[in-house]
Amino acid sequence: MSERIETVVLDSEGLSAWIAQGRKLLAMLRVFHDMEADLVIGAHTIVEARHFRTNAPRLNWALPRVKVEPVTEQAARRRRNHAKAPDCTATRTPSTPRSPRSRSASRDPLPC
């Protein structure tokens, strides 16, 4: 059975790996592209991924290819409260796929 992923959310490590053209991440992005999945980052991810070694032209190339979502106070508070939970895990759904840095593609819980 083939699973369809609609949205892929990149964190700063994922965005940095894409900019650096990391082979593993590029292979994953090709699969997601073939699924017609949307690439999404939070606005704060741009700041987190930008450092002195970042290839600025490559970052400028990548940004128009992703949907940049604003980080609202409500979303930040919800995430902060979730991170305080005793088990500190998130459940994966089709709208919240695994992070590119996830260690195992077969695990459903995501670490905080």
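Quick note: structure is the one above.
Residues numbered from 1 in each chain as written. Predicted model: local features only at pLDDT ≥ 70, side-chain atom pairs only at ≥ 80, totals over all residues. Heavy atoms only, no water.

Some points on the environment of Ala 49
- Mapped onto the secondary structure, Ala 49 falls in helix α3 (residues 43-49).
- Spatially, the C-alpha atom of Ala 49 lies 4.8 Å from that of Ser 12, the residues being 37 residues apart in sequence.
- Leaving out residues up to four positions away in the same chain, Ala 49 has contacts with Ser 12, Leu 15, Ser 16 and Thr 54. (Helix = DSSP H or I, 4+ residues; strand = E, 2+ residues; numbered from the N terminus. Contact = heavy atoms within 4.5 Å.)

Some points on the sheet that holds strand β1 (residues 7-9)
- Taking strand neighbours across the sheet as the criterion, the three strands line up as β1-β2-β3 in an open arrangement whose pairing is parallel. Two strands lie at the open edges of the sheet, namely β1 and β3 (67-69), each paired on one side alone. Here the strands of the sheet are splayed against their neighbours by 35° on average, with no regard to which way each runs.
- Sheet analysis places β1 next to strand β2 (residues 38-42), joined by three bridges and oriented parallel. Counterpart to Thr 7 in the pairing with β2 is Asp 38. (Pairing = 2+ DSSP bridges. Axes fitted to C-alpha atoms, helices over the stretch in contact; angles between N-to-C directions.)

Structural notes on unusual backbone geometry
- With a phi angle near 60°, Gln 21 is a residue other than glycine that sits in the positive phi range.
- Structurally, Gln 21 can be placed in the loop between α1 (12-19) and α2 (23-34).
- Look at Glu 36: it is not a glycine, yet its phi comes out positive at around 65°.
- Along the chain, the position of Glu 36 falls in the loop between α2 and β2.

Notes on the pattern of salt bridges
- Under the criterion given, the structure shown has two salt bridges.
- When the shortest N-O distance is used, the salt bridge between Glu 69 and Lys 67 registers 3.1 Å.
- Arg 77 serves as the salt-bridge partner of Glu 73, at 2.7 Å between the closest nitrogen and oxygen. Pair noted here: Glu 73 and Arg 77 are both in helix α5 (residues 73-83), with a separation of four residues, about one helical turn.
- Residue classification places Glu 73 among the exposed positions, given a relative accessible area of 55%. (Salt bridge = Lys/Arg side-chain N within 4 Å of Asp/Glu carboxyl O. Buried < 20%, exposed > 50% of the residue type's maximum accessible area, 1.4 Å probe, protein only.)

Observations concerning the environment of Asp 38
- Position of Asp 38 among the secondary structure elements: in strand β2.
- A relative accessible area of 47% means that Asp 38 is categorised as partly exposed.
- When the C-alpha atoms of Asp 38 and Arg 65 are compared, they prove to be 9.3 Å apart, with 27 residues separating the residues in sequence.

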